[in-house]
Amino acid sequence: QLDFASYTLDDEPTVYQVDSLQVSHDGQGNYVGGLSYFEGEHAAIVSRAGYVPRTTMVTIFKGNVPSYAEVYLVPMDNLTHFVFNWGNAPADLDLVVVPKGVADFARSAVYWNGPGNTPIPSIGECEEPYLWNGVNPAANNSECSCVITGPETCDPVCFIQATLAGPYTPRISLDREERQHGGLGSNGFVTNKPETLTFERLMPGTYEVYAYAQESGSMEGELTLDVYLGDGMDLMSLATGEVYRASGESWVHFGSLLVFPTSRGCEGATSESQTPQDGMVTILCYSWQSALQAVSYPLR
């Protein structure tokens, strides 16, 4: 929960503080707190200093019927973030990222390790290295998460990192995963939380992004993937929101994040130029290419 977050409704100037409008549930169908508002559908813009504002639609019902929505804000850290979510079922889906053809600025192949420079464990037969929840170094099947290291910082547990020396080391992290969709939270509402990825200091290549029904074997309903592109320094924005309607698939290919050198910057709404930093010898373009298709096991 973010302290000091606020929201506005529709185009009205009134700013509501989330902290003062918390909803509590007594376990017997009674709710206390929240905000009474006009019946109908409303656009709530949630914001907080240091995070990207987020708009969500909220439906207010007539009478004493509570409406509830959880909104997750992405930190304004100028990196590239993906936010994955789905409906009440299945309880558990997983994100998988496969880097392909990645090379450094000298055009040498980039190799990857997991946390602690350990080899990357695999789901099954595969040739490519990839990020999934199995890179978690914990032996007790713990969920991927991050460790709070400061007021506004959280270090991921699950990641793959290029085996490169120097200040410019690519890393892809699974910052949080979710295994409890469809279950009631302590507040009495269904709280379907997202899974999130962060891409840092990437080298030229292709980074394929998949959703995988590892536990249930199949997906149903609407899957969403929000793509936030940052320039690595001082800019960040929501580039696109992908939607896939699943009907029994095991694997869905959302698309590809293409990273390539450019001398003129990037073109298009789903692309972002990376500001040169330590170790960078040229401008890179991050460009998202949508796929939205069911695939067979993509790693063989």
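So, here's what we can say about the structure. (Residues numbered from 1 in each chain as written. Predicted model: local features only at pLDDT ≥ 70, side-chain atom pairs only at ≥ 80, totals over all residues. Heavy atoms only, no water.)

## With respect to the nonpolar core
- Judged by nonpolar contacts, the single largest core of 49 residues is most densely connected at Phe199, Tyr207, Leu223 and Leu257.
- Not counting the four nearest positions on each side in its chain, leucine 257 is found in contact with Thr80, Phe82, Phe199, Leu202, Gly205, Thr206, Tyr207, Leu229, Tyr286, Ser287 and Trp288. (Core = buried A, V, L, I, M, F, W, Y, C linked by side-chain atoms within 4.5 Å. Buried < 20%, exposed > 50% of the residue type's maximum accessible area, 1.4 Å probe, protein only. Contact = heavy atoms within 4.5 Å.)

## Thoughts on the packing of aromatic side chains
- Applying the stated rule across the entire model yields 10 aromatic pairs.
- Both rings, one in tyrosine 37 and one in phenylalanine 38, keep their centres 5.3 Å apart while their planes meet at 65 degrees; by these two values the pair is edge-to-face.
- A relative accessible area of 58% places phenylalanine 38 in the exposed class.
- Taken together, the ring pairs in this structure connect Phe82, Phe199 and Trp288 into an aromatic cluster.
- A cation sits over an aromatic face here: arginine 171 above phenylalanine 159, 5.2 Å from the ring centre. (Phe/Tyr/Trp six-rings, centres within 6.5 Å; stacked < 30°, edge-to-face > 60°. Lys NZ or Arg CZ within 6 Å of the ring centre and 35° of its normal.)

## Observations concerning the sheet that holds strand 5 (residues 40-47)
- Across the sheet, which stays open at both edges, the four strands sit in the order 2-1-5-6 with antiparallel pairing between neighbours. A single partner strand is all that each edge strand has here, and the edge strands are strand 2 (16-17) and strand 6 (54-60).
- Pairing analysis gives four bridges linking strand 1 (residues 6-9) to strand 5, with the strands arranged antiparallel. Pairing of leucine 9 across the sheet is with alanine 44, part of strand 5. (Pairing = 2+ DSSP bridges. Helix = DSSP H or I, 4+ residues; strand = E, 2+ residues; numbered from the N terminus.)

## Describing the pattern of salt bridges
- For the coordinates displayed, the defined rule picks out six salt bridges.
- Across the pair arginine 176 and glutamate 178 runs a salt bridge, and its minimum N-O distance is 3.6 Å.
- Residue arginine 176 is classed as partly exposed on the basis of its relative accessible area of 26%.
- Between arginine 201 and glutamate 200 there is a salt bridge whose closest N-O contact spans 3.2 Å.
- Judged by its relative accessible area of 10%, glutamate 200 falls in the buried class.
- Each of Arg171, Glu200 and Arg201 takes part in salt bridges that share partners, so that together they form one network. (Salt bridge = Lys/Arg side-chain N within 4 Å of Asp/Glu carboxyl O.)

## A closer look at the side chain of threonine 169
- Following the sequence through the fold, threonine 169 ends up in the loop between strand 12 (158-162) and strand 13 (171-176).
- Taking the relative accessible area as the measure of exposure, threonine 169 reaches 10% and is therefore buried.
- When residues no more than four places from it in sequence are discounted, the contact partners of threonine 169 are Gln161, Ala162, Leu164, Glu200 and Arg201.

## Some remarks on the state of the cysteines
- Across all of its chains, the model carries three disulfides by this definition.
- Disulfide pairing is shown between cysteine 144 and cysteine 158; the S-S distance is 2.2 Å. Taking the torsion about the S-S bond as the criterion, the cysteine 144 to cysteine 158 disulfide, at about -90 degrees, is left-handed. Within this pair, whereas cysteine 144 is found in the loop between strand 9 (112-113) and strand 10 (146-150), its partner cysteine 158 is found in strand 12, the two being separated by 14 residues in sequence.
- Classification of cysteine 158 as buried rests on a relative accessible area of 0%.
- Here cysteine 266 pairs with cysteine 285 through a disulfide, and the sulfurs are 2.1 Å apart. (Disulfide = S-S within 2.5 Å.)

## Focus on the environment of proline 298
- Turning to its location among the elements, proline 298 is positioned in the segment after strand 20 (283-295).
- Between the C-alpha atom of proline 298 and that of glutamate 208, which follows or precedes it by 90 residues, the distance is 9.7 Å.
- Once residues lying within four places of it in the same chain are set aside, the contact partners of proline 298 are Tyr210 and Trp251.

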